[in-house]
Structures are given as C-alpha cells and as structure tokens.
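# Results of the structural survey
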Amino acid sequence: MKIAVLSGKGGTGKTLVAVNLADVATNSVYTDCDVEEPNGHLFFKPTEISYQPVSMSIPTIDNNLCSGCRICVDFCRFNALAFIAGKPVLFEDLCHSCGGCAMLCPKSAITEKQNTIGKVMTGNSQNVTIITGILNTGRASGVPVIREVMRCLNNKTGLAVIDCPPGSACVVMESIKDADYCVLVAEPTIFGLHNLQMVTELVQLFHKPFGVVLNKCTAEANPSESYCKNKKLTILARIPFDKELGEISSNGEIAVRCKPAWHEFFLKLLDIIIKEAGYEADTHNQR
Ligand code: SF4
Ligand code: SF4
C-alpha cells in the first residue's frame, strides 16, 4: 500500500506526519519526494547509504550544421527552443527531453547529451528504508528525480509513505500518481484553510481517496476543521499544538521513538488510514 502525505505549503507538519507514520509501521519505505528541500532523512539518520545519479538528455545544437529552417523551434511544444538571430537557442530548464527536435532536424545538427540533474539516496534506519530524491540546485523541474525515486520504491517491499513536495504543482501530481490513499495535513489558520482547499481540489482531480490530519490544534476556532465539516471530508486525526512535540521535531528526533503516547497516537492513525483505504488493519507491512 502507498500512502501519500501532502500539504499546500511547507511547515504544516507534513514531514512530521510522514516520518512518524513510516516509523510505526512494521516494515516500511519512507519516500521523500520533496526533492528541492528533502529533510526526512535528517530524522531517520540512515546508515548503509548509497547514491544513484539522475540524468536527463538535453539537445545540443551545432550551429555550423544548422540551416536555420526552424523546424525544431516550431515543433517544441514546451517552448524550450527560441529562434534568435536566425538560429535556434535552447532554454535547458524548459526542455522535457522528448528528443523530438533531434529526430526532426533535417541537417542532423542536433545531438543529445546526458546532464546530471540530481540523485537518489537510499539507506536504512531500524525497520524503515529511506529513499530520498535530491534535485541539484538551480534545476527547474524535479519530475525526473521523482520518477527515479518511484522506480526505486517499486523495487522495495513494505508499506510506502510518500512525503510529497508542498503545493499542487506537477511535482506533487507525479508524487501522488500511484498512491492508494492521500493524507492532507492542514494548519488551523486562514492560510492553512486556503492551502487545504488547494490540495483537496488536486486529490479530487486525481480521484484519490483521502482524509485530513488537522495539525497544531488549539481550543481556538479552526477554519480548516470547519471546512472539513462543511464539505463532509474525513478527519483522520487532530494533532494538538504541543510544545514538547515541537521540540522533539526541531531536535531532529522522531516522536514515536521518544514517547510511547506518540507511538500509540500514530499507530492508531496508521490503522485508521489503512482501514479508510480499504486494506486490512493488521497489514502494516503490505503494499
Ligand atoms: S531543425 Fe536543425 S537545421 Fe532546422 S533550425 Fe533546428 S537545428 Fe537548425
Ligand atoms: S528535446 Fe523536446 S522538449 Fe527538449 S528542446 Fe527538443 S523538442 Fe523541446
């Protein structure tokens, strides 16, 4: 089973939920798709680490061979090629490596080279396998790195907990594509509500079953909770605003390893998610 944990912005407690859910499972794979700022591994401190580079093919244009016919520029639907001073110019960040321009060029002026854009780090921490996607600084799209992360995940056994990038852009879509269930983490503020609405629309667009974890709950009014009630969304759990939990997280510790009460809390949450997703409650290690 694959559980995706997502939120409309960073700092809502998405990684807190993903890390602790992965840790209470009998046998799990914590999968960090927040490739621009992966930080789940800082909690797990994995050992037996290995790295795998991720590259994508990028066209290179030989201006000496180019006749300036602009077939490649007209073909590229990603606008990665512009026609400047009679020659095509590549904007690497927009290129999706489709290879079409090289195939169509009548002068064979376009060849492809491999560019390293990031890496996938794999390691272990107790009962958890940790897979982390890391996008190189300055790279525009993390989608190829996430695809490689997912390929690595599909070679592992155990319950998968996917820590998605924040927001609702294409990297999030790529991260939830294969998920069996989505957990939306929301804060009790107007901003939290706005972000919850965004990710709710996204998971509904993908027809994913989902539920909401309300984080940092206090006795004050909670706009995110009111939204869930109005829209009849499933509230999976309410995590109270807790100074000690905040300290545990900011020290890079895993709450379920520090305190039995949090272990019980997240184990119960995992059972609820598994049942909501239609799986057997005692199959924490199945996927
Ligand atoms: S298709 Fe080839 S020849 Fe035509 S503009 Fe592009 S690179 Fe130049
Ligand atoms: S490889 Fe595809 S996306 Fe990249 S520049 Fe060529 S046509 Fe455009």
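A few points on the structure. What you are looking at is a predicted structure, and each value in this text was computed from that prediction instead of being measured.

## Here's the deal with helix H11 (residues 260-276)
Over its 17 residues, H11 extends 24 Å from the first C-alpha to the last, a length consistent with the 24 Å expected when each residue adds 1.5 Å. Every buried residue of H11 is accounted for by Trp-262, Phe-266, Leu-269, Leu-270, Ile-273 and Ile-274. Along the long axis of H11, the arc covered by the buried residues comes to 135°, so they all point the same way. The exposed set on the far side of H11, more than 90 degrees from its buried face, consists of Pro-260, Ala-261, Glu-264 and Lys-275. Buried residues along H11 sit in contact with strand E1 (2-6), helix H1 (14-24), strand E9 (181-186), strand E10 (210-217), strand E11 (235-240) and helix H10 (255-258). Phi for Gly-278, located one or two positions after H11, is positive at around 90°.

## Some remarks on the site of ligand 1
Neighbouring ligand 1 are 13 residues; Cys-66, Cys-69, Ile-71, Cys-72 and Cys-105 lie closest to it. In terms of residue class, the shell around ligand 1 is made up of 9 nonpolar, 2 polar and 2 charged.

## Re the site of ligand 2
Near ligand 2 you find 14 residues, and of these Cys-76, Ala-80, Cys-95, Cys-98 and Cys-101 are the closest. Across the shell around ligand 2, the residue classes break down as 10 nonpolar, 4 polar and no charged.

## Points about the pairing of strand E7 (residues 128-135)
Counting buried positions along E7 yields 8 of 8 residues, so the element is predominantly enclosed. Burial along E7 is two-sided: Val-128, Ile-130, Thr-132 and Ile-134 facing one way and Thr-129, Ile-131, Gly-133 and Leu-135 facing the other are all buried. In this sheet, E7 lies alongside strand E2 (residues 28-32) in parallel orientation, the contact comprising 5 bridges. Bridge pairing in E7 places Tyr-30 opposite Ile-130. In terms of strand pairing, strand E6 (residues 110-125) meets E7 through 8 bridges, oriented antiparallel. Pairing of Gly-118 across the sheet is with Leu-135, part of E7. Between E6 and E7, which pair antiparallel one after the other, the connecting turn spans 2 residues, and Gln-126 there sits at a positive phi close to 50°.

Scoring rules and cut-offs
Residues numbered from 1 in each chain as written. Chains lettered and ligands numbered in written order. Predicted model: local features only at pLDDT ≥ 70, side-chain atom pairs only at ≥ 80, totals over all residues. Helix = DSSP H or I, 4+ residues; strand = E, 2+ residues; numbered from the N terminus. Expected span 1.5 Å × (residues − 1). Buried ≥ 20, exposed ≤ 12 C-beta atoms within 10 Å, placed from the backbone. Arc of directions from axis to C-beta. Contact = placed C-beta atoms within 7 Å. Near = placed C-beta within 6 Å. Nonpolar A, V, L, I, M, F, W, Y, C, P; charged D, E, K, R; others polar. Pairing = 2+ DSSP bridges.

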